[in-house]
Amino acid sequence: MVMPPALWDKHASKTAYFRNVVSPFADAAATKKLVVTVRRFADGRKTVLDVGCGIGNFLPALSRLFSKVVAVDASRKMVQASRRRHGHRPMGFRRGGRT
């Protein structure tokens, strides 16, 4: 089941809910495992696209591994929340979804 963007919009301001209930990256051990996997593809020069970025829990780790990070989510409010949390980092933020 795909959750419509409007439903995600309702949760975007509930950072604790999203971090603790929805995001697999809330757990530091899970993030570390994913970083180990992603690091195999990173050489510091490549661009990475974080599709379904949500509030951006994984963006800091990606920005350390890739030269350019583009965060994408179907929910406008999730993109806004991600930009608020990580807009100081050199990355792009886009709203987009399935077509």
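This section reports on the structure supplied with the text. (Residues numbered from 1 in each chain as written. Predicted model: local features only at pLDDT ≥ 70, side-chain atom pairs only at ≥ 80, totals over all residues. Heavy atoms only, no water.)

1. Brief notes about the pairing of strand β1 (residues 47–51)
Successive residues of a regular strand alternate their side chains across the two faces of the sheet.
Then, in step 1: A one-sided burial pattern is seen for β1, the buried positions being V48 and D50 and the unburied ones T47, L49 and V51.
Then, in step 2: The sheet contact formed by β1 and strand β2 (residues 68–73) spans five bridges and is parallel. Residue pairing in the sheet places V48 in a bridge with V69 of β2.
Then, in step 3: Each parallel crossover has a hand, and for β1 linked through helix α4 (residues 59–65) to β2 it is right-handed. (Buried < 20%, exposed > 50% of the residue type's maximum accessible area, 1.4 Å probe, protein only. Helix = DSSP H or I, 4+ residues; strand = E, 2+ residues; numbered from the N terminus. Pairing = 2+ DSSP bridges. Right-handed = clockwise from strand over helix to strand, strands pointing away.)

2. Topic: the sheet that holds strand β3 (residues 91–95)
Then, in step 1: Strand order in the open sheet made by the three strands is β1-β2-β3, with parallel pairing throughout. Taken across any chain shown, the strands that pair with only one partner, and hence form the sheet edges, are β1 and β3. Between one strand axis and the next, the sheet turns through 20° on average, direction left out of account.
Then, in step 2: Against the sheet, helix α5 (residues 76–86) engages β2 and β3, with an angle of about 165° to β3. (Axes fitted to C-alpha atoms, helices over the stretch in contact; angles between N-to-C directions. Contact = heavy atoms within 4.5 Å.)

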